[in-house]
Every structure is written in structure tokens, then in C-alpha cells.
Amino acid sequence: MSERRFNQPLGGNEMPRFGGPATFMRLPTAEPSADLDAAFIGVPFDIGTSNRPGARLAPRQMRDESRMLRPFNVSTGADPFNSIQVADIGDVPINTFNLQDSIRIIEAFYDKVLEHNIAPLTLGGDHTIALPILRALKKKHGPVGLIHVDAHADINDHMFGEKIAHGTPFRRAVEEGLLDCDRVVQIGLRGTGYSIDEYDWSRDQGFRVVTAEECWHKSLEPLMAEVREKVGGGPVHISFDIDGLDPAYAPGTGTAEVGGLTTPQALEIIRGCRGLDIVGGDLVEVSPPYDNSGNTALLGANLLYEMLCVLPGVNYQG
Ligand code: MN
Ligand code: MN
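Residues numbered from 1 in each chain as written. Chains lettered and ligands numbered in written order. Predicted model: local features only at pLDDT ≥ 70, side-chain atom pairs only at ≥ 80, totals over all residues. Heavy atoms only, no water.

Participant: Any chance you could break down the layout of surface pockets for me, citing the residues and the numbers?
Facilitator: If a probe the size of a water molecule is rolled over the atoms, the empty space left behind becomes visible. Looking at the largest pocket, its volume works out to about 640 Å³. Lining the largest pocket are 27 residues, and of these His152, Asn156, Thr192, Tyr194 and Glu198 lie nearest its centre. In terms of residue class, the lining of the largest pocket is made up of eight nonpolar, ten polar and nine charged. For the second largest pocket, the calculated volume is near 250 Å³. Lining the second largest pocket we find 16 residues, and of these Leu69, Arg271, Asn302, Tyr305 and Glu306 sit closest to its centre. Elements that contribute at least two residues to the lining of the second largest pocket include exactly α8 (263–271) and α9 (295–309). Looking at which element gives the most residues to the lining of the second largest pocket, the answer is α9, with six residues. (1 Å grid on protein atoms, 1.4 Å probe; cavity = no way out; pocket = protein on both sides within 12 Å on 5 of 7 lines; lining within 4 Å. Points joined across faces, edges and corners; volume = space filled by probe spheres on them. Nonpolar A, V, L, I, M, F, W, Y, C, P; charged D, E, K, R; others polar. Helix = DSSP H or I, 4+ residues; strand = E, 2+ residues; numbered from the N terminus.)

Okay, here's the thing in C-alpha cells:
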């Protein structure tokens, strides 16, 4: 067997970090093919959002901020780029004038990606895009487990009468049988709502609901041991809404809620997914127009890198 050569991010000593290709981590671009194990995909979609817009600009902004990322994860020992083949396969060509058509286009794009056994790591986009991604994952893997980080449960029956919007994807996913409901965890939920039973529908489906208050002032490592117990035993998708974090850390988002998770807790959540059968991940709801410092996009890029590091097949050193 000839030794496999893996794509490497363009290093900071080969080209200044403010130069070079504007791909995720300055990786090579590629077409979906069986040669790839994982791929970064942009979905420049925000026509499902209910408040401040702008997430359509996030794939580009997260790619730009990802230029600071170096290949080796010194904190965890993960060595993704000497373990698996990764590329940036570009953006899904959505129809920004038509939500329903865009959902169809996204699902078809992910069908093609999954046909080649590529683990998709998605740069959103608003949270609506989780629905077509989960539809494609179901066809490939059957109903998946889900680790959903968010200030919001996103289980509305409708928004303004519309069944598909950024506040409804997980209600639709349950109705369509896309989730293995006993292997679903929602972390970071909080804020004002319409009634005391805001999260009861989630619990009635078998989801584990972890409110932000349950996370305050502590490490989430013990929680993640419980989460691995709950969601293990099958394929798992990570759906990470950046508004799960406190606006102090992630102000650049459309529907901010105070009292959220910290950046170290976000890292603990994703690093705590190591050992699970992670089949995909998305990072959604970054809105560059509200991200004056670029820190929200930088955080999003880092969390996507951490998702890469916990994919099956990634080797760890030390
Ligand atoms: Mn959400
Ligand atoms: Mn949210």
C-alpha cells in the first residue's frame, strides 16, 4: 500500500497569514470525491432568520478568520492533517430568492457529499440549514444522534405560519424521523419565552435538555461524560448555534441571549465528543455585520476546527 499524502493547510511561514487562498484554514479546494474523508462546506444562507440578518456572509468571514489556525491541536494532541484527507469544497449554490428551493439544493448537495463517504463540516448560514443536512444524513446513516448547542431549542411548529425557518428545524427533524430521539442532547437553552413549558416538547421526545443555568460556573467535562453515554452507540451529528455562547464571547449573531456558555465550555463540549461516531458538524448563526472585532467568526472557525479534530480516524499524540 503506497503511503497516502494528505492535504495540508498553507503554513504561516510559506505565505503571510493575510495572504494566500481564502479557503478554510487555507486548505486546497477540491470537488467531492472518494479521496476525501472530511470537507468544509459553506452554506451562505440567511433567508430563514427571524431577527437580525447577516449569516449569509459568515462562510466567507469564518474562512477569513480561520487563516490564524495552525494544523496541530496542541491542547488535545489531535493531528487531523496527518490522519485524514480534508479539503474545502466551496459553497452550496443556494437560491437566495427562494427558501424552499434552497433547502432542496442543500439536501442534494449533501447527498452527493455523503455518497463519497465524506464527513461534512458546515460553515453556516442560519440554523434552517440543519434540516436539509439532517435529511441527507438520515439517507446515509439512518436516524442520527444529535448534540445541539444553542440558546434556543429550535422546535417551533411554525414561524409566521412557515414550517421551515431557523426556529423550526428540530421539530421537523423529529416529525420526519431524522433523529434517534433517545440520543439527542440540547445544551445552553435559556432566555425569555412564551410559557413555562418552553422545553417540554423536547423532553417529551426523549431529548436531554441542559439549560444554560445548569452550565453556569462550572466545567462541562462531567456533563460530556453523561452526554457520551446518552448519544453513543450510533452516528452523531453536532449542530452548534454560536448563540449558545454568551454575547460577551459571540456578539456577532442574529438572536443574542444573555447568560450563555463561555468559550472554554464550548471547547469542552466539542472536545468531549472524542470517541463518538461523529458523522458531521455545523456551525451556524454567525452574523458578520454584528461582529465588529471578527471574534465571533474567529470563534466559529476554531469550533469547526475542533469538530474536525474529533472525527473518527483522527490520530492523537501524547
Ligand atoms: Mn439555532
Ligand atoms: Mn439560537
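Participant: Lay out the coordination of the manganese ion (ligand 1) with the relevant residues and their values.
Facilitator: Binding of the manganese ion (ligand 1) to the protein goes through His127 (ND1), Asp150 (OD), Asp154 (OD) and Asp241 (OD), at separations of 2.1 to 2.2 Å. Mapping the donors of the manganese ion (ligand 1) onto the primary sequence yields the spacing H-x22-D-x3-D-x86-D. The manganese ion (ligand 2) is placed at 3.3 Å from the manganese ion (ligand 1), the two being bridged by aspartate 150. On the criterion of sequence distance, the pair formed by histidine 127 in the loop between β3 (119–123) and α3 (130–141) and aspartate 150 in the loop between β4 (144–149) and α4 (169–175) is long-range, its members being 23 residues apart. (Donors = N, O, S within 2.8 Å, 3.2 Å for Na, K, Ca; no water.)

Participant: Could you give an account of empty space enclosed by the protein, with specific residues and numbers?
Facilitator: Applying the stated rule across the entire model yields one cavity of 30 Å³ or more. Its residues placed into classes, the lining of the largest cavity shows three nonpolar, four polar and four charged.

Participant: Run through the coordination of the manganese ion (ligand 2), naming residues and quoting values.
Facilitator: Under perfect tetrahedral coordination by four donors, a metal shows angles of 109.5 degrees; under perfect octahedral coordination by six donors, it shows angles of 90 or 180 degrees. Binding of the manganese ion (ligand 2) to the protein goes through Asp150 (OD), His152 (ND1), Asp241 (OD), Asp243 (OD) and Asp243 (OD), at separations of 2.1 to 2.4 Å. The sequence motif formed by the donor residues of the manganese ion (ligand 2) is D-x1-H-x88-D-x1-D.

Participant: Describe the packing of helix α2 (residues 99–115) against α3, listing the residues and the values that go with them.
Facilitator: Between α2 and α3, whose axes approach to 8 Å, the crossing angle comes to 35°. Like other packed secondary-structure pairs, α2 and α3 cross with a definite hand, here right-handed. Of the residues in α3, those in contact with Ile103, Ile106, Glu107, Tyr110, Asp111 and Leu114 of α2 are Pro132, Ile133, Arg135, Ala136, Leu137, Lys139, Lys140 and His141. In terms of residue class, the contact of α2 with α3 is made up of eight nonpolar, one polar and five charged. (Axes fitted to C-alpha atoms, helices over the stretch in contact; angles between N-to-C directions. Left-handed = near helix turned anticlockwise from the far one by under 90°. Contact = heavy atoms within 4.5 Å.)

Participant: Just give me the short version of the environment of tryptophan 216, but keep the residues and values in it.
Facilitator: In this structure, tryptophan 216 sits in the loop between α6 (212–215) and α7 (221–231). Take tryptophan 216: its relative accessible area is 39%, and that puts it in the partly exposed class. Separated by 28 residues in sequence, tryptophan 216 and glycine 188 have C-alpha atoms that sit 9.6 Å apart. A polar contact of 2.9 Å, which involves the side chain of tryptophan 216, links it to the backbone oxygen of glycine 259. (Buried < 20%, exposed > 50% of the residue type's maximum accessible area, 1.4 Å probe, protein only. Polar contact = N/O pair within 3.5 Å; in protein donor to acceptor, adjacent residues only side chain to side chain.)

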